[in-house]
Amino acid sequence: MGIIQDSWQAHISIAEKAIALESVSEKQLSEWIKPLIENITDDGAVPYLLGAGERYRASPLASTISWLEKANLLPVPVLIEMQEQLLVLRDQNVSYDPKNGIAKKASEDIGGWSLGEGVSVWSTSCAIEALLDSHGCGINYADSFKSSVIWLANQRQSDGAWAYQLHSNCSTNVVMTSLALRSLALAYTEPNRTHFLFSAEDTRLLEQAITSGFNYIKENCTNEKKKAYWSFEGKPHCAATTWALMALRQISLCNAEISPNCTAFYEKIKDPALLFVCSQLPQKAERWADEPFVYEGGAKYAPQKNYVSFSATLLPQLFELGVSPFHPRVIAQIKWLIENPSDWKISTYDRGKICYFTYAMVLSSITSWYQRVGSALAPMLINSTKAKIPKMFYGYNSMLKFQ
């Protein structure tokens, strides 16, 4: 193995002392993460599919960074190497990729990610979030991607929202608006904001973009008695709802000129929205249904763009929003993930091999849950029947009716 692989392996050797996945599965953390370490390149790029050695793209790398970093599964040197590669992939393709994808950007898209995939709001939002990590590493490159933040803010359409691309064939929706909003709000929140040195004109643009996006999100929320949700393609949608909440949460952390109205709305809508998402989680240990979140015919750089969300990878974000890792449906979903690693695929485009980023996101979801419930309870929750769970929490069967 190379330097980056050795550094990552050393980090995991330490981490698995606290994350004892062998207590809930047949493998240790180091065994689970081995395919990721083996498939990363010496310069921090990751393939689209595990074992494929091709299609090194920006948005899969960005998603991998974001989920692994938040689960504390990346050592800082590897995080920095991956972020530097992500910056390269904005404007270049890797030389050793036999399938390099798009070879040229449109002049109006110079600031956006990425060359190989074709510039989009999706890939640019993902990249900005991955660079604004909790360790404060990526913000040191603020000068290099400040133009990308401004580019993203300028991709709003006439209704103040975002589509997959600012293109005649792409319609605005809650999914893309939420992703763009979260990245912009993250860039505008201190201490990140200080590093970007936004001009007065930049500041006005960002405030207008965040405000108009918030209004769109608010207006497109469906609020029914005890539940609230956002839709995609006319259907209530777990990813759209989760990502809208994540955007609202981040906006509420911005400066006082932007956040008050958003904060009040977020606090009002969060619980009923989380109630909707949790109601969609399967009661039994079975796969949480995938959801399409990009469906564009005639996109700017390709005839068709179809992306699907592996719903279980929403769990770390749901935990951030306040969903309990002890929720019986969450436990059932984690149990299914642990017991069915060969099914960590999205059927529409994972053919035979698992996507690198999907594997990373699912593994991060499992470890995020494990770290929240703790090493003592994790094996009991996974290995026990639903009927025994209340007794574990309270020391007696809390469901008994006392006479």
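Residues numbered from 1 in each chain as written. Predicted model: local features only at pLDDT ≥ 70, side-chain atom pairs only at ≥ 80, totals over all residues. Heavy atoms only, no water.

A.B. asks: Before we move on, could you go through the overall build of the chain and cite the residues and values that matter?
C.D. replies: Assigned secondary structure in the chain consists of 16 helices and six strands. Rg of the C-alpha trace for the chain: 21 Å, near the compact-globule value of 22 Å for 403 residues, within the 12% margin. Projected onto its principal axes, the C-alpha positions of the chain cover 70 × 55 × 40 Å. A total of 403 residues make up the chain; the buried ones form 58% of that total. Restricting to contacts in the chain with at least 6 residues of sequence separation, those with at least 24 account for 68%. (Helix = DSSP H or I, 4+ residues; strand = E, 2+ residues; numbered from the N terminus. Rg over C-alpha atoms; globule rule 2.2 N^0.38 Å. Buried < 20%, exposed > 50% of the residue type's maximum accessible area, 1.4 Å probe, protein only. Contact = heavy atoms within 4.5 Å.)

A.B. asks: An account of the packing of aromatic side chains is requested, with residue identities and associated values reported.
C.D. replies: Evaluated as defined, the whole model comprises 13 aromatic pairs. Summarising the aromatic geometry, the rings of tryptophan 243 and phenylalanine 293 are spaced 5.3 Å apart at their centres and angled 90 degrees between planes, so their arrangement reads as edge-to-face. Here phenylalanine 293 lies in strand 5 (residues 291-297) and tryptophan 243 lies in helix 10 (residues 238-251), a separation of 50 residues in the sequence. Each member of the pair, tryptophan 243 as well as phenylalanine 293, is classed as buried. Joined through ring pairs, the aromatic side chains of Trp122, Tyr164, Trp243, Phe293 and Tyr307 make up one cluster. The ring centre of tyrosine 48 lies 4.1 Å from the NZ or CZ of arginine 55, which sits over that ring. (Phe/Tyr/Trp six-rings, centres within 6.5 Å; stacked < 30°, edge-to-face > 60°. Lys NZ or Arg CZ within 6 Å of the ring centre and 35° of its normal.)

A.B. asks: Quick rundown of the pairing of strand 6 (residues 304-309)? Include the residues and the values.
C.D. replies: Taken together, the six bridges between strand 5 and strand 6 define a ladder with antiparallel strand orientation. Bridging across to strand 6, proline 292 finds its partner in valine 308. Where strand 5 folds back on strand 6, the antiparallel hairpin that results is connected by six residues, among which glycine 298 adopts a positive phi of roughly 80 degrees. (Pairing = 2+ DSSP bridges.)

A.B. asks: Please set out helix 14 (residues 356-373) residue by residue, giving values where relevant.
C.D. replies: With 18 residues, helix 14 ought to run about 26 Å at 1.5 Å a step, and its terminal C-alpha atoms sit 26 Å apart, in line with that. Within helix 14, 16 of the 18 residues are buried, which leaves the element mostly enclosed by the surrounding structure. Following helix 14 by one or two positions, glycine 374 adopts a phi angle in the positive range, close to 95 degrees. (Expected span 1.5 Å × (residues − 1).)

A.B. asks: I'd like a rundown of the nonpolar core, residues and numbers included.
C.D. replies: With 140 residues, the main nonpolar core has Trp8, Leu36, Leu86, Met176, Trp230 and Trp369 as its most contacted residues. Among the elements that make up this core, the one with the highest residue count is helix 7 (residues 174-188) (11 residues). Residues within four places of methionine 176 in sequence aside, it is in contact with Val121, Trp122, Trp162, Ala163, Tyr164, Phe293 and Val294. Core analysis: the next-biggest nonpolar cluster, separate from the first, contains six residues, Tyr48, Leu49, Cys355 and Met361 among them. (Core = buried A, V, L, I, M, F, W, Y, C linked by side-chain atoms within 4.5 Å.)

A.B. asks: Lay out the side chain of glutamine 155 in plain terms, naming residues and giving numbers.
C.D. replies: Take glutamine 155: it is sitting in the loop between helix 6 (142-153) and helix 7. Under the relative-accessibility criterion, glutamine 155 is labelled buried at 7%. A polar contact is formed between the side chain of glutamine 155 and the backbone oxygen of tryptophan 151, at a distance of 3.1 Å. Once residues within four sequence positions are removed from consideration, glutamine 155 is found in contact with Val121, Ala161, Trp162 and Leu166. (Polar contact = N/O pair within 3.5 Å; in protein donor to acceptor, adjacent residues only side chain to side chain.)

A.B. asks: Lay out the state of the cysteines with the relevant residues and their values.
C.D. replies: Here, disulfide denotes a covalent bond that connects the sulfur atoms of two cysteines. Under the definition given, this model contains zero disulfides. No disulfide involves cysteine 278; its sulfur sits 9.1 Å from the nearest other cysteine sulfur, which is in cysteine 238. What makes cysteine 278 buried here is its relative accessible area of 11%. The structure places no disulfide on cysteine 355, whose sulfur is separated from the nearest cysteine sulfur, that of cysteine 126, by 14 Å. Cysteine 355 gets classed as buried once you look at its relative accessible area, which sits at 0%. (Disulfide = S-S within 2.5 Å.)

A.B. asks: I'd like a rundown of the pattern of salt bridges, residues and numbers included.
C.D. replies: Counting across every chain of the model gives 13 salt bridges. Residue lysine 105 pairs with aspartate 91 through a salt bridge whose shortest N-O separation is 2.6 Å. Of this pair, lysine 105 sits in the loop between helix 4 (76-91) and helix 5 (121-131) while aspartate 91 is found in helix 4, placing the two residues 14 residues apart along the sequence. Accessibility expressed as a relative area gives 12% for lysine 105, which makes it buried. (Salt bridge = Lys/Arg side-chain N within 4 Å of Asp/Glu carboxyl O.)

A.B. asks: So what's going on with helix 4? Residues and values would help.
C.D. replies: Here helix 4 contains 16 residues, and its C-alpha end-to-end distance of 24 Å stays within 8% of the 22 Å for a straight helix at 1.5 Å per residue. Every buried residue of helix 4 is accounted for by Val78, Leu79, Met82, Gln83, Gln85, Leu86, Leu87, Leu89 and Arg90. Its buried side turned inward, helix 4 meets helix 1 (3-15), helix 3 (58-70), helix 5 and helix 6.

A.B. asks: Run through the packing of helix 7 against helix 9 (residues 200-219), naming residues and quoting values.
C.D. replies: Put simply, helix 7 and helix 9 touch, their axes get as near as 10 Å, and they point 145 degrees apart. Read as a crossing pair, helix 7 and helix 9 show a hand that is left-handed. Counting all contacts with helix 7, which are made through Val174, Thr177, Ser178, Leu181, Leu184, Ala185 and Tyr188, the residues of helix 9 involved are Thr203, Leu206, Glu207, Ala209, Ile210, Gly213, Phe214, Tyr216 and Ile217. Of the residues contributing to the contact of helix 7 with helix 9, the split by class is 11 nonpolar, four polar and one charged. (Axes fitted to C-alpha atoms, helices over the stretch in contact; angles between N-to-C directions. Left-handed = near helix turned anticlockwise from the far one by under 90°. Nonpolar A, V, L, I, M, F, W, Y, C, P; charged D, E, K, R; others polar.)

A.B. asks: Give a detailed account of the packing of helix 5 against helix 6, specifying residues and quantitative values.
C.D. replies: Taken N-terminus to C-terminus, the directions of helix 5 and helix 6 make an angle of 135 degrees; their axes are 10 Å apart at the nearest point. Comparing the axis directions of helix 5 and helix 6 gives the class oblique. Read as a crossing pair, helix 5 and helix 6 show a hand that is left-handed. Between helix 5 and helix 6, the contacting residues are Val121, Thr124, Ser125, Ile128 and Leu131 on the first element and Phe145, Ser148, Val149, Trp151 and Leu152 on the second. (Parallel < 35°, antiparallel > 145°, perpendicular 65-115°, else oblique.)

A.B. asks: How would you summarise unusual backbone geometry if you had to cite specific residues and measurements?
C.D. replies: Here tryptophan 113 and serine 114 are connected by a cis peptide whose omega angle stands at -5 degrees. Inspection of the secondary structure puts serine 114 in the loop between helix 4 and helix 5. Put simply, glutamate 190 and proline 191 share a cis peptide bond, and its omega is 5 degrees. Mapped onto the secondary structure, proline 191 falls in the loop between helix 7 and helix 8 (192-196).

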